[in-house]
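Residue-level structure breakdown
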Amino acid sequence: MTVRLVPNHAHWGAFLAEVEDGRIVGVRPFEHDPDPSPIIQAIPDAVHSSMRIPRPMVREGWLRNGPGGSESRGREPFVPVSWDRALKLVADELARVRRDHGNGAIMGGSQGWGSAGIFHHARTQLRRFLGAFGGFVDQATNYSFGAALAFLPHVVGTPQAVTGPLTSWSSIARHTKLMVLFGGANPKNMQVTLGGSAAHSTGGWLEELARRGVEVVNVSPLRDDGPEVVSPAWIPIRPGTDTAMILALTHAVIAEDLHDREFLATCCTGFERVRSYLTGEQDGQPKDAAWASGITGVPAETIRDLARRMASTRTMLTASWSMQRADHGEQVYWSLILLASVLGQIGLPGGGFGFGYGSIAGVGDPPPAFPPPAMPMGGNPIGAAIPAARIADCLLNPGAPYDFNGKTGTYPDIRLVYWAGGNPFHHHQDLNRLRRAWGRPETVIVHEPWWTATARHADIVLPATTSLERNDIGAAARDRFVIAMQQAIPPVGQARNDFDILRDLSRRLGCEETFTEDRDEMEWLRHLYQRCSDGARTNSMALPDFDTFWTQEHLEVPPREEEHVLFGEFRGDPETCPLRTPSGRIELYSERIAGFGYDDCPPHPAWLEPAEWLGARHAAKHSLHLISSQPRHRLHSQMDGGPVSARGKIGGREAIWMNPLDAADRALSDGDVVRVFNERGACLAGVAVSEAVSRGVVRLSCGAWYDPVDQLEAPLCAHGNANVLTLDKGTSRLGQGPCAGTALVEIERMDSPPPVRAFTAPRIQPAG
Ligand SMILES: Nc1nc2c(c(=O)[nH]1)N[C@H]1C(S)=C(S)[C@@H](COP(=O)(O)OP(=O)(O)OC[C@H]3O[C@@H](n4cnc5c(=O)[nH]c(N)nc54)[C@H](O)[C@@H]3O)O[C@H]1N2
Ligand SMILES: Nc1nc2c(c(=O)[nH]1)N[C@H]1C(S)=C(S)[C@@H](COP(=O)(O)OP(=O)(O)OC[C@H]3O[C@@H](n4cnc5c(=O)[nH]c(N)nc54)[C@H](O)[C@@H]3O)O[C@H]1N2
Ligand SMILES: [Mo]
């Protein structure tokens, strides 16, 4: 039997699928990838996994009783139905809800990454379909950096400092002498970028930094956040307290008269007002190193010394995205902007700040010469949206008012939830609360390739193809390759493409032409490629025609400039190139934010105690800070059942990393099964003891498939999903981002733990 090699793409890398007899039997990394991610090796098992949903399914109770709120979601067996019957049920239900309650009763935001491939991107297709159907309630911003997206434009006029492109790695390698990483730059994260990382470049840049002797400091509760290759100095910090440390660094720079008066005068506004906060004129408490030391656990001398070094050399400051996924997450970023302003190097090569250098692949790559292919999102005729991370609040409190970014909204009364390409039972905080909220709507419809917790908590489940089962174009804003994603195998089981499912529904509901624009799969790919080609021509570049691209299997987009400097133009001439803020400058005090009147987001950067942290009084009850960071061996919850993700597990459960002293206090050692708990929930995990974890801190990566054990009185996830423990609260009334980083927990040994059933398919009844 000969092996065929078929090009395809994933968020974590491009590859050639080895196809034999209609099956994916292996993968080979893309030839131009200097540093391929091992996660691509999970693909063959995932595609042919026993956890694939074989055919359309309906929850037994829904099929019997029809629509209605139900606690039984996720607890009842499913009944297989034919595609025709399933699509009729979905179409009739959409029509009923629209007729009786209007489009504003349909939640279709469908947050989630889905798979690489711009055309078949599930969330995009679903939103286009629901837009064509007359509208839906969308989810604004995101989980990754939602607080920053809302907040940054008020202060620097653009979200670019978090979305990228940032000041290029090339600029840092050439000019930076000191790079300080709040939250580190953990190489595990740089395996991935949204849309697909075909050329993993960050590892190479870090090596270049090491060669050039750039001094790197990792400020983090975890030592391994500092990429080893740059031999970073480690400053352990108490989680959730970086704002205090950054304010104290700023205080020290000013106290030693090292601040850049000219930059503050020409490029910033509000310095005097925030200075009075720093000196303690406002509240009697100087925000000095001694003060910060008590909060952060970082010695005062370390803070003062770092401040001096920052002011004496070309310094690049960064904070990971995780930092703003925490209570008052806006303040960490605003403080860092304040510190960078006081140092006065913003807009200079290798100086200033940028968020997320280590968070994802490609943020420090130069911008492309022309926009890569992209799929138009389509409109939402009713224009309704809630902040993405407020989904449980919304479902639990229809009609209630909420604040968001200077406006007051009202939560809609959601009757029908439709999700494709996301896993809220992975991504949302306080999953036991989400589960209660999820019982409220009358109908939940999910498209999924696999039996994820979200699929199990649906009423109607439609099996979707994976990207190996369809044709697509792989392209990402943060990567220079465009990949021809060619169908490698026929659909597995009865799976269908999200697009084809929605096209059939749009036909039944009379909106097919608006949804499809009269194009099928390949016509869409040609169309999207042509739009990109037209854009390239505008930039005086000629692309090969589609057929040539498809045969060559990839296209390389050249960079627009070799070295980008964030805010370079503004710094060069703040009068002619002002920022898009009310003052045209960096706002260290914001009149606009003052006007919002939010006590949880004051008008200048400030230290506000998080809802939970180790310095809080009730820390005695739950004495460990939970870090539920991104998993090293998978993307979020994707392919969690496979062989690569298994490397991060202990005895089949997610690993919880802890300091040897904390383990000794509880008489725990490597491999023990423990119950991790707080007032919101509990999960089981396998202990891994490590000196790389600060005292009082535990790391339990997110993404283990939610596996609730229902027979127990207190809800327990047998597998180790960290989100049963996290706090479901907005970062502030301004940003309303998620607070995954804010949670205290306790740990105890668990003897005779229940088995993990996350990778056992749900009960299926005989066909109805
Ligand atoms: N505690 C904690 N929680 C977090 C975070 C954290 O740091 N800590 N991080 C947050 C962040 S930054 C993010 S971005 C979110 C990520 O949250 P999600 O993006 O929701 O997570 P994924 O696991 O990528 O979910 C994508 C789902 O789409 C499915 N899928 C893949 N391809 C297709 C397709 O073609 N069609 C259909 N219909 N489905 C498909 C996958 O099987 C998977 O179930 O999680 C957030 N949650
Ligand atoms: N392998 C892999 N890579 C990924 C993803 C994945 O699922 N898997 N997801 C991608 C996505 S969607 C996103 S949004 C990005 C997210 O990128 P990030 O938000 O940067 O990633 P995290 O792993 O959540 O956090 C980075 C580090 O911040 C540190 N940290 C946590 N709390 C604190 C704190 O209070 N203070 C300090 N100083 N440090 C702290 C943790 O030690 C953690 O290792 O990652 C992307 N990359
Ligand atoms: Mo994310």
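So, here is what we can say about the structure in this document.

As for its placement among the helices and strands, Phe182 is situated in strand β8 (residues 178-182). Taking relative accessible area as the criterion, Phe182 reaches 0% and is therefore assigned buried. Excluding its chain neighbours within four sequence positions, the residues that come into contact with Phe182 are Val219, Asp242, Met245, Ile246, Leu249, Thr318, Ala319, Ser320, Met323 and Leu336.

Here we take up the pairing of strand β17 (residues 416-420). Within β17, 5 of the 5 residues are buried, which leaves the element mostly enclosed by the surrounding structure. Every second residue of β17 is oriented toward a common face, with Leu416, Tyr418 and Ala420 on one face and Val417 and Trp419 on the other, all of them buried. Direction of pairing for strand β6 (residues 106-107) relative to β17: parallel, over a ladder of 2 bridges. Residue Ile106 lies in a different strand from β17, and its bridge partner there is Leu416.

The subject of this paragraph is the side chain of Lys287. Take Lys287: it is sitting in the loop between α11 (271-279) and α12 (289-296). Of note is the side chain of Lys287, whose polar atom sits 2.9 Å from the side chain of Asp283. At 2.5 Å, the side chain of Lys287 forms a polar contact with the backbone oxygen of Gln285. Leave out the neighbours within four places in its chain, and Lys287 touches Leu247, Ala248, His251, Tyr277, Leu278 and Gly280.

Turning our attention to a nonpolar patch on the surface. Together, Val3, Leu5 and Val25 line one region of the surface with nonpolar side chains, adding up to about 210 Å² of accessible area. With respect to the helices, strands and loops of the structure, Val3 is situated in the segment before β1 (4-10). Accessibility expressed as a relative area gives 39% for Val3, which makes it partly exposed.

In this section: the sheet that holds strand β3 (residues 23-29). Sheet strands line up and pair through hydrogen bonds in the backbone, either parallel or antiparallel. Read from one edge to the other, the open sheet built from 3 strands follows the order β1-β2-β3, with strand pairing classed as antiparallel. Only two strands of the sheet have a single neighbouring strand rather than two, namely β1 and β3. Sheet twist, expressed as the average angle between the axes of neighbouring strands with direction ignored, equals 35 degrees. The pairing of strand β2 (residues 13-20) with β3 spans 6 bridges and is antiparallel. In the strand pairing of β3, Phe15 is matched with Pro29.

Conventions and cut-offs
- Residues numbered from 1 in each chain as written.
- Chains lettered and ligands numbered in written order.
- Predicted model: local features only at pLDDT ≥ 70, side-chain atom pairs only at ≥ 80, totals over all residues.
- Heavy atoms only, no water.
- Helix = DSSP H or I, 4+ residues; strand = E, 2+ residues; numbered from the N terminus.
- Buried < 20%, exposed > 50% of the residue type's maximum accessible area, 1.4 Å probe, protein only.
- Contact = heavy atoms within 4.5 Å.
- Pairing = 2+ DSSP bridges.
- Polar contact = N/O pair within 3.5 Å; in protein donor to acceptor, adjacent residues only side chain to side chain.
- Patch = residues over 30% accessible without salt bridge, like charges linked within 9 Å, V, L, I, M, F, W, Y side chains within 5 Å.
- Areas by Shrake-Rupley, 256 points an atom, 1.4 Å probe, with all protein chains shown as cover.
- Salt bridge = Lys/Arg side-chain N within 4 Å of Asp/Glu carboxyl O.
- Axes fitted to C-alpha atoms, helices over the stretch in contact; angles between N-to-C directions.

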